[in-house]
Amino acid sequence: MADLKPILLVEDNPNDIELTLAALEKSQLANKIVICRDGAEALEFLRRQGPHADRPVQDPAVVLLDLKLPKVDGLEVLAAVKGDPKTRAIPIVMLTSSREESDLVRSYQLGVNAFVVKPVGFKEFFEAIQDLGVFWAVLNEPPPHRSDWISGD
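Residues numbered from 1 in each chain as written. Predicted model: local features only at pLDDT ≥ 70, side-chain atom pairs only at ≥ 80, totals over all residues. Heavy atoms only, no water.

*Asks:* Could you give an account of the overall build of the protein, with specific residues and numbers?
*Replies:* Each helix and strand in the protein was counted, giving five helices and five strands. Overall, the protein shows an N-to-C arrangement of helices and strands of β-α-β-α-β-α-β-α-β-α. Within the protein, the fraction of its 153 residues that count as buried is 44%. (Helix = DSSP H or I, 4+ residues; strand = E, 2+ residues; numbered from the N terminus. Buried < 20%, exposed > 50% of the residue type's maximum accessible area, 1.4 Å probe, protein only.)

Shown next as structure tokens:
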């Protein structure tokens, strides 16, 4: 179990954090859930900087990223992660209440792996999170270790 990759949840809404954690727990995933409450903290975690400098080298299985975040918004986090050869292979799911087509289009332009609009209903939201957790943490086959395939760019 020690080799299971964590799931990084980047969310500033306490209710959404609680609901997401409950849904992931119900999925019986053994992955550790790491929570960052703003985009700046998420980037520090992913880059292993600041208070996260000593974290294990292992990248998350998936980043569940809210669009509207304090300090650094979700699109800026997405652009930074997908623009860096060291982090670009990390799957990112934009998990947002935004139904703006421009947010959807921009997310895909920046390389998001999936864009999920948070369902309004409790049951639908719970089920969507469970499905996301199982897919990205269990079913998805990630690329081989990044040092095996990153070119020298």
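From this point, the narrative continues.
*Asks:* Break down the pairing of strand β5 (residues 114–117) for me, with residues and values.
*Replies:* In this structure, strand β4 (residues 92–96) lies alongside β5, joined through four bridges in parallel fashion. Among the inter-strand pairings, Leu-95 is bridged to a residue of β5, identified as Val-116. Handedness of the β4-helix α4 (residues 101–109)-β5 crossover: right-handed. (Pairing = 2+ DSSP bridges. Right-handed = clockwise from strand over helix to strand, strands pointing away.)

*Asks:* Report on the UniProt feature "modified residue: 4-aspartylphosphate" (unreviewed entry) in the protein, specifying residues and quantitative values.
*Replies:* The sites that UniProt annotates as "modified residue: 4-aspartylphosphate" (unreviewed entry) are Asp-66. Relative to the elements of secondary structure, Asp-66 occurs in the loop between β3 (62–65) and α3 (74–82). Under the relative-accessibility criterion, Asp-66 is labelled buried at 6%. (UniProt positions renumbered as here; feature names shortened; annotations may be inferred.)

*Asks:* Any chance you could break down the environment of Met-94 for me, citing the residues and the numbers?
*Replies:* As for its position among the elements, Met-94 is in strand β4. Residues Met-94 and Tyr-108, spaced 14 residues apart in sequence, show a C-alpha to C-alpha distance of 9.7 Å. Other than its neighbours up to four places away in sequence, Met-94 contacts Leu-65, Asp-66, Leu-67, Gly-74, Leu-75, Leu-78, Ser-107, Val-112, Ala-114, Phe-115 and Val-116. (Contact = heavy atoms within 4.5 Å.)

*Asks:* Can you lay out unusual backbone geometry for me, pointing to particular residues and giving the numbers?
*Replies:* At Arg-48, a position not held by glycine, the phi torsion is positive, near 60 degrees. Of note, Arg-48 is situated in the loop between α2 (39–47) and β3. Its identity as a non-glycine residue notwithstanding, Lys-71 has a phi of 70 degrees, on the positive side. As for its position among the elements, Lys-71 is in the loop between β3 and α3.

*Asks:* Explain the sheet that holds strand β1 (residues 7–10) to me, using residue names and the numbers behind them.
*Replies:* Here five strands make up an open sheet; going across it, the order is β2-β1-β3-β4-β5 and the pairing parallel. Looking at the sheet topology across the chains shown, the edges are occupied by β2 (33–36) and β5. The sheet shows a mean angle of 20 degrees between the axes of neighbouring strands, taken without regard to direction. Strand contacts of helix α1 (residues 14–26): β1, β2 and β3, with the helix running at about 170 degrees to β2, the strand carrying the most contacts. (Axes fitted to C-alpha atoms, helices over the stretch in contact; angles between N-to-C directions.)

*Asks:* Would you mind going over the pattern of salt bridges in detail, with residue names and values included?
*Replies:* For the coordinates displayed, the defined rule picks out two salt bridges. Between Asp-38 and Lys-71 there is a salt bridge, and its shortest N-O distance comes to 3.7 Å. Within this pair, whereas Asp-38 is found in the loop between β2 and α2, its partner Lys-71 is found in the loop between β3 and α3, the two being separated by 33 residues in sequence. (Salt bridge = Lys/Arg side-chain N within 4 Å of Asp/Glu carboxyl O.)

*Asks:* Describe the nonpolar core, naming the residues involved and giving the relevant values.
*Replies:* Leu-8, Val-10, Val-63, Leu-65 and Met-94 are the most contacted members of the largest nonpolar core, which has 23 residues in total. Of all the secondary-structure elements, those providing two or more residues to this core are β1, β2, α2, β3, α3 and β4. Ile-7, Leu-19, Val-62 and Ala-114 belong to the second-largest nonpolar core, a separate cluster that totals 15 residues. (Core = buried A, V, L, I, M, F, W, Y, C linked by side-chain atoms within 4.5 Å.)

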